Amino acid sequence: MTEIDAIDDTRSGEKPETPLRDVIIIGAGLSGIDCAYRLREENPDVDYLILERRERIGGTWDLFRYPGVRSDSDIYSLSYPFEPWPKVAALAEGADIRDYIEHTADKYGITDHIRFSRHVLGADWDSTTDTWTFDVEVGEGKRRETHRSRFVVFATGYYDYDNPYTPRFAGAEDFSGTIVHPQHWPEDLDYRGKRIIVIGSGATAVSLVPNLAEQAAHVTMLQRSPSYIFSSKQKQYLAPFLKKVLPPKAAHQAIRFRYSTQTAAIVHLTHKFPKLGRKLLRLNVAANLPDDYPIDVHFNPTYNPWDQRMCLVPDADLFNGITEGSIEMVTDHIDRFDETGIRLASGRHLDADIIVTATGLQLLGFGGTRLRVDGDEVKPHDRFVFKSHLLEDVPNLAWSVGYTNASWTLRADMTARAVANLVRYMRENGYTHAYPHLGPEPMPAQPLWDLKAGYVERSPDALPKSGTRGHWKVRHNYYRDAIDHHLGKVEDSMVFGHV
């Protein structure tokens, strides 16, 4: 890929007027590429541009490069409905996902619409012209650039790319080894034959630990409290059969439907019958560990299934490492770091050459972009979100965010299609602005996400808020949302107008 020249070209000595795009998409990850495809599908002549902060396509799947990075949900529902996933395994490696996103962008001519190394610092709405103006920082030189559009879509994810969550550990400065966070994994880190402690019990830790154990002398997974971990078989039977008997797109749709339906059923079942869910999950763990293993110490969470995201491991790789002795699970609290490792609250000492702090993400809505409407700052956490992607009383702005209990792309694609329909409706009717309006009747607020995860609970003001009724209530139920998407009208609770 070659970066397209900047819009502002001052080589002639005169700065041309910044062109007005129909849509600017911020972010060239899964959501951004999806949105670009849907926009052109519904509006073939739409003039759009993607501003991507990084130097490559991929978003999350370009940022995370630690050993073993992979999807934490099945790849079939994580992939696009319109572009079949080419491989067989249910959980996909991060590098393969990034290549797939890049392939999709190239195939559908989206890459030519991307400007790389563009960090959007501010977005300002002007009601006198019904336009967004973007203050953009370009590359390492931090040259400033201005872009303008009628509509903007934030496909920036939900967390801070620069600053992961790393709690303060007493004595960390005394440790003589290496401390790393998976979000900023050093490419030259040599961990062969080393003793490694991985702090954390989420999806990052459970995908990282088995891969480290392949070359390390020993890996300890140190968790403060257990998470639900479920072994998923990588070998597929239905998928290869359907790919043989159906055309590629039809097979992909059928496989995708199967996985999304299966996940929805499991989530519904475990929410309705949490004791049964606990029992089934425990049976899965027990089937993959020695009979005398203390399962209830290390794999019996205090919360109910799906109060936090489920951690999937392919073909029991984590459990196999525990059984073989290359991986040890330790459930305890950290007292302090010291020169040779970590001292625990129980008094035990863990020796280490490398400590990996897989301690989570830091929530950040809208990529940290400063939002203003007619000069007044918009704080997202003060606004209700409408149909899970529009902000209360903020014109011509959409935000793409996924589900907490299913694949990200299920909602991201729904959002992309809804935005494409809204843009088409506005263009057909001559509208230059549109926004959802709650009206005079007050409505209680509730958190956007129903998770009890640490990264959600420690940043309650990072994201917009959900309402409690109608389209203002953010649900985490793909099939109910899909029905509403097909039956709902573009005009519902919307204010339209033009300059």
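Note: the structure precedes this text.
Novice: Would you mind showing me how to read helix α10 (residues 317–324) here?
Specialist: Helical geometry: 3.6 residues make up each α-helical turn, so side chains three or four residues apart lie on a common side. Taken together, the buried positions of α10 are L318, F319, G321 and I322. Along the long axis of α10, the arc covered by the buried residues comes to 160 degrees, so they all point the same way. Looking at the buried residues of α10, the elements they touch are α5 (203–213), β9 (218–223), β10 (229–232), α8 (274–286), β11 (311–314) and β12 (327–331). G325, located one to two residues past α10, shows a positive phi value of around 95 degrees.

Novice: Help me out: how do you make sense of the nonpolar core in this one?
Specialist: Where a protein is soluble and globular, its nonpolar side chains tend to be buried together. Counting 128 residues, the largest nonpolar core has I25, V198 and F299 as the members making the most contacts within it. Once you skip the residues sitting within four places of it in the chain, F299 turns out to touch P226, I229, V285, L289, Y293, F319, I322 and M329. Of all hydrophobic cores here, the second largest spans 12 residues; its members include L222, F337, L344 and I355.

Novice: Help me out: how do you make sense of the layout of surface pockets in this one?
Specialist: Any empty space left between atoms is shown by rolling a water-sized probe over those atoms. By volume, the second largest pocket is sized at about 680 Å³. Taken together, 31 residues form the lining of the second largest pocket, with F230, S232, Q262, I266 and L312 sitting closest to its centre. At the level of secondary structure, the elements contributing two or more residues to the lining of the second largest pocket comprise β10, α7 (248–272) and α8. Ranked by residue count, the leading element in the lining of the second largest pocket is α7, at seven residues. Split by residue class, the lining of the second largest pocket holds 14 nonpolar, 11 polar and six charged.

Novice: Is there a simple way to explain the pairing of strand β5 (residues 131–138) in this structure?
Specialist: Each regular strand displays side chains that alternate between the two surfaces of the sheet. Summarising burial for β5: six of the eight residues are buried, a large majority. Relative to β5, strand β4 (residues 118–126) is paired through eight bridges, and the arrangement is antiparallel. In the strand pairing of β5, H119 is matched with E137. In textbook terms, the turn of a hairpin is the stretch between consecutive antiparallel strands, and for β4 and β5 this stretch comprises four residues, one of which, D130, has a positive phi near 55 degrees. Where β5 meets strand β6 (residues 143–154), seven bridges bridge the pair, whose relative direction is antiparallel.

Novice: Please clarify how the pattern of salt bridges should be interpreted in this entry.
Specialist: A side chain of one charge can pair with a side chain of the opposite charge if their charged atoms are brought near each other. Per the stated rule, a full pass over the model turns up 33 salt bridges. For D162, the salt bridge goes to R53, with nearest N and O atoms at 2.6 Å. Of the two residues, D162 is situated in the loop between β6 and β7 (178–180) and R53 in the loop between β2 (48–51) and α2 (60–63); the sequence distance between them amounts to 109 residues. Judged by relative accessible area, which is 38%, D162 ranks as partly exposed. When its relative accessible area of 36% is taken as the criterion, R53 is described as partly exposed. Among the ionic pairs, R192 bridges to D190, the shortest N-O distance being 3.0 Å. Taking the relative accessible area as the measure of exposure, R192 reaches 55% and is therefore exposed.

Novice: Explain a nonpolar patch on the surface here, please?
Specialist: A contiguous nonpolar patch, built from L269, F273, L276, L280 and L283 and spanning about 430 Å² of accessible area, is present on the exposed surface. With three residues, the single largest contributor to the nonpolar patch is α8. Positionally, F273 belongs in the loop between α7 and α8.

Novice: Can you help me understand the environment of G94 in this one?
Specialist: Structurally, the position occupied by G94 is in helix α4 (residues 94–107). You can call G94 buried: its relative accessible area is 2%. As for G94 and T60, which are separated by 34 residues in sequence, their C-alpha atoms are 8.9 Å apart. If we skip the residues at most four places from it in the chain, G94 touches W61, V69 and R70.

Cut-offs applied
Residues numbered from 1 in each chain as written. Predicted model: local features only at pLDDT ≥ 70, side-chain atom pairs only at ≥ 80, totals over all residues. Heavy atoms only, no water. Buried < 20%, exposed > 50% of the residue type's maximum accessible area, 1.4 Å probe, protein only. Helix = DSSP H or I, 4+ residues; strand = E, 2+ residues; numbered from the N terminus. Arc of directions from axis to C-beta. Contact = heavy atoms within 4.5 Å. Core = buried A, V, L, I, M, F, W, Y, C linked by side-chain atoms within 4.5 Å. 1 Å grid on protein atoms, 1.4 Å probe; cavity = no way out; pocket = protein on both sides within 12 Å on 5 of 7 lines; lining within 4 Å. Points joined across faces, edges and corners; volume = space filled by probe spheres on them. Nonpolar A, V, L, I, M, F, W, Y, C, P; charged D, E, K, R; others polar. Pairing = 2+ DSSP bridges. Salt bridge = Lys/Arg side-chain N within 4 Å of Asp/Glu carboxyl O. Patch = residues over 30% accessible without salt bridge, like charges linked within 9 Å, V, L, I, M, F, W, Y side chains within 5 Å. Areas by Shrake-Rupley, 256 points an atom, 1.4 Å probe, with all protein chains shown as cover.

Read these as layout, nothing more, since geometry by itself doesn't imply function.
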